[in-house]
Amino acid sequence: MLPHRFLQPSLTGALQVRLEAGELKLAIKGISNPRAAGELSGTLALELWALQRPYDGGPFQGQPLGSLTLGRLGGQQQWRQLSPSWRWPDTAPLAVPKGQLTLMLREW
């Protein structure tokens, strides 16, 4: 039996992040679903984390700073030019060391 390759939705293109008047604003070029046409993703969400170490795959430890549910995305489709934003939590660290502020695209 051949191993099954599981294709996952992913962020595509450039990502810009800025903190403005207590609000975190993102500019995401796109999110795409490489699965076959008609194969719907699970619920997709963006999560922002302050990690103890730069993320390199696998388990991670850190503090969640915010999340945003996006919905489900059909196979061979993409969302373009997303501009999500959310309030920067008062409990969030004021300065996160370089490489440790991490935006994750999660599928549920």
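A brief structural summary.

What counts and how
- Residues numbered from 1 in each chain as written.
- Predicted model: local features only at pLDDT ≥ 70, side-chain atom pairs only at ≥ 80, totals over all residues.
- Heavy atoms only, no water.
- Core = buried A, V, L, I, M, F, W, Y, C linked by side-chain atoms within 4.5 Å.
- Buried < 20%, exposed > 50% of the residue type's maximum accessible area, 1.4 Å probe, protein only.
- Helix = DSSP H or I, 4+ residues; strand = E, 2+ residues; numbered from the N terminus.
- Contact = heavy atoms within 4.5 Å.
- Phe/Tyr/Trp six-rings, centres within 6.5 Å; stacked < 30°, edge-to-face > 60°.

Membership of the largest hydrophobic core comes to 15 residues, with the highest contact counts inside it found for Ile28, Ile31, Leu48 and Leu103. If you list the elements that add at least two residues to this core, you get strand S2 (23-33), strand S3 (44-51) and strand S7 (101-107). Once residues lying within four places of it in the same chain are set aside, the contact partners of Ile28 are Leu11, Ala14, Leu15, Leu46, Gln81, Leu82, Pro84 and Leu103.

Another point: the packing of aromatic side chains. Taken as a whole and judged by the stated rule, the model has two aromatic pairs. Centroid distance Trp49 to Phe60: 4.9 Å. Interplanar angle 80°. Geometry classified as edge-to-face. Taken together, the positions of Trp49 in strand S3 and Phe60 in the loop between S3 and strand S4 (62-71) put the pair eleven residues apart, joining distant regions of the chain. Assessed through its relative accessible area of 14%, Trp49 is described here as buried. Pairing Tyr55 with Phe60 gives two aromatic rings, centres 5.7 Å apart and planes at 85°, and the pair type is edge-to-face. With a relative accessible area of 40%, Tyr55 lands in the partly exposed category. Its relative accessible area of 29% is what places Phe60 among the partly exposed residues. A connected cluster of aromatic rings, assembled from ring pairs, spans Trp49, Tyr55 and Phe60.

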